[in-house]
Amino acid sequence: MNILILGSGGREHTFAHQIAQSEHCSKLFVAPGNAGTAAIATNLPVAVNDFEAIQATVIAHQIGMVVVGPEDPLVHGIADYFAEEEALQDVMLIGPSKRGALLEGSKERAKEFMLQHNIPTAAYASFTSESVAAGKEFLETLQAPYVLKADGLAAGKGVLIIQDLEEAKAELEEMLSGKFGDASATVVIEEFLDGIELSVFVLTDGQHYKILPTAKDYKRIGEGDKGLNTGGMGAISPVPFADETLMKKIEERIVKPTVNGLKEEKIDYKGFVFIGLIKVGDEPFVIEYNVRMGDPETEVVLPRIKTDLVSLLKATFQQKLDAISVEIDERAATTVMVVSGGYPEAYEKGKEITGTDTIEDSIVFHAGTSVKENKLVTNGGRVIAVTSLDEDYKKALKKSYQNIEKLNFDKMYFRKDIGFDLEFLFQKTTC
Ligand code: AMP
Ligand code: GLY
């Protein structure tokens, strides 16, 4: 079968890396892809939101499966487009329908879903420009810090955590008057949950589900989790403190009710659910749903899945996930992101990258890279993720860091402390 992956980051290179190894994959295409995907698949200059161009590509290359990487095309209804177009109905599109994708596309909708299906999450209320005064009154009933979330997609920037009440009120007003455009026309105000974060990944066909490896990502640009938020500077899988007891609670209280909720509401969902969780004491709460895999979490989750990925995705589309078992590599996986100097603010592109051919015993997943005049150059903020596997995360991290030393480009930056908190967190949860 010919397969098309939509997207251009480290996540998509990881999907391509796994899918290219499958005996069920004949020709592999990535749109638009990066220099890493170009080395193992055919890149096509098609934008992920251009459904007509994607349709033409699928037909021209006799594509049998489309794996959607980012959330944008899902929120814009690519699964519905495929289901409605006669010529595309047999194509296995992996990703939820527009109604399913609203779990990520609207924070208010996600909260309503959780409330409806009794899924533990922070208490909340939502407000629009007509209810600013009520919003401010609601803030007065909460304790600091105050959590304000733009309802819609805001490129990962729409969540603000503010210490001061007056500042929170002013921020609410700014958000409701368009700070994040339409995305903040509605603002969700939430109770602050004090705990430790982890992510759980689920593959569902809308009826059945498989829990994939857990992961923890490091979102801030600076060491010690300081500074601006990024797409993610590194990740580790499994999460050492996600023991059997916690995972059982997560499955019973969160995963099952989520899949049952989708079923009850007759939401067509064949794809990944990325559940952002916070563990408060010993209890898990949902912070957010994403309707796709995470980046860089994919770079540590997929390499640990030993089961053929194409078979898994095919079973997802055919609603036969109950008939397949998922085999997980017991080893730990770590990834460290190498980024352009200045990221997540302004940065330069087009810097030559050297050393990728000298990497030993790690996998180089390209994110923002391209080839210009036969040279590998930077083409984004996050440039390369170096993933390693070993018997524990410390050994794996050592490999990632040893290999990163061999990479070079002008103004290259990476966090040297990925996983820094794990030992402490592990002790905190076990004693
Ligand atoms: P989100 O985009 O909803 O995942 O929020 C981004 C980040 O804000 C999360 O990864 C958490 O670190 C933090 N966060 C969101 N909601 C809460 C909450 N209710 N309590 C504490 N921290 C939160
Ligand atoms: N690493 C966080 C995300 O993919 O949303």
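In this text the structure is predicted, and so the values were computed from the model without any measurement.

A.B. asks: Looking at this structure, how should I read the site of ligand 1?
C.D. replies: Close to ligand 1 lie 14 residues, the nearest being Glu-190, Glu-191, Leu-193, Glu-197 and Glu-288. Contact distances for ligand 1 include 3.1 Å between an oxygen atom and a side-chain N or O atom of Lys-107. Within the contact set of ligand 1, a nitrogen atom lies 3.0 Å away from a side-chain nitrogen or oxygen of Lys-149. Protein contacts shield 86% of the accessible area of ligand 1, which totals 470 Å² for the unbound molecule. Put simply, the parts of the chain that give the shell around ligand 1 at least two residues each are β7 (146-150), β8 (159-162) and β17 (283-290). Per-class residue counts for the shell around ligand 1 are seven nonpolar, no polar and seven charged.

A.B. asks: What am I meant to see in unusual backbone geometry here?
C.D. replies: Glycine aside, residues mostly have negative phi, and peptide bonds are mostly found in the trans state. Backbone torsion omega between Ala-31 and Pro-32 reads -5°, so that peptide bond is classified as cis. Considering the arrangement of structural elements, one finds Pro-32 in strand β2 (residues 28-32). The peptide bond linking Tyr-343 to Pro-344 adopts the cis configuration, its omega dihedral lying at 10°. Inspection of the secondary structure assignment puts Pro-344 in the loop between β18 (332-340) and β19 (363-366). Positioned with a positive phi, Lys-266 is a non-glycine residue whose angle comes to about 50°. Inspection of the secondary structure assignment puts Lys-266 in the loop between α10 (244-264) and β16 (271-280). For Asn-374, which is not a glycine, the phi torsion comes out positive at approximately 65°. Position of Asn-374 relative to the elements: it lies in the loop between β20 (369-372) and β21 (375-378).

A.B. asks: Where do I start with the sheet that holds strand β11 (residues 209-211) in this structure?
C.D. replies: Pairing between the strands of a sheet is mediated by backbone hydrogen bonds and can be parallel or antiparallel. Spatial strand order, β11-β10-β16-β17: four strands in an open sheet with antiparallel pairing. One side of each edge strand has no neighbouring strand; the edge strands of this open sheet are β11 and β17. Taken over all neighbouring pairs, the strand axes of this sheet differ in orientation by 35° on average, direction set aside. With nine bridges connecting them, strand β10 (residues 196-204) and β16 associate as antiparallel partners. Its bridge partner lying in β16, Ile-196 is registered against Lys-279. The sheet strands contacting α10 are β10, β11, β16 and β17, and the helix crosses β17 at an angle near 40°. The sheet strands contacting helix α12 (residues 309-317) are β10 and β16, and the helix crosses β10 at an angle near 70°.

About the thresholds
Residues numbered from 1 in each chain as written. Chains lettered and ligands numbered in written order. Predicted model: local features only at pLDDT ≥ 70, side-chain atom pairs only at ≥ 80, totals over all residues. Heavy atoms only, no water. Near = heavy atom within 4 Å. Polar contact = N/O pair within 3.5 Å; in protein donor to acceptor, adjacent residues only side chain to side chain. Areas by Shrake-Rupley, 256 points an atom, 1.4 Å probe, with all protein chains shown as cover. Helix = DSSP H or I, 4+ residues; strand = E, 2+ residues; numbered from the N terminus. Nonpolar A, V, L, I, M, F, W, Y, C, P; charged D, E, K, R; others polar. Pairing = 2+ DSSP bridges. Axes fitted to C-alpha atoms, helices over the stretch in contact; angles between N-to-C directions. Contact = heavy atoms within 4.5 Å.

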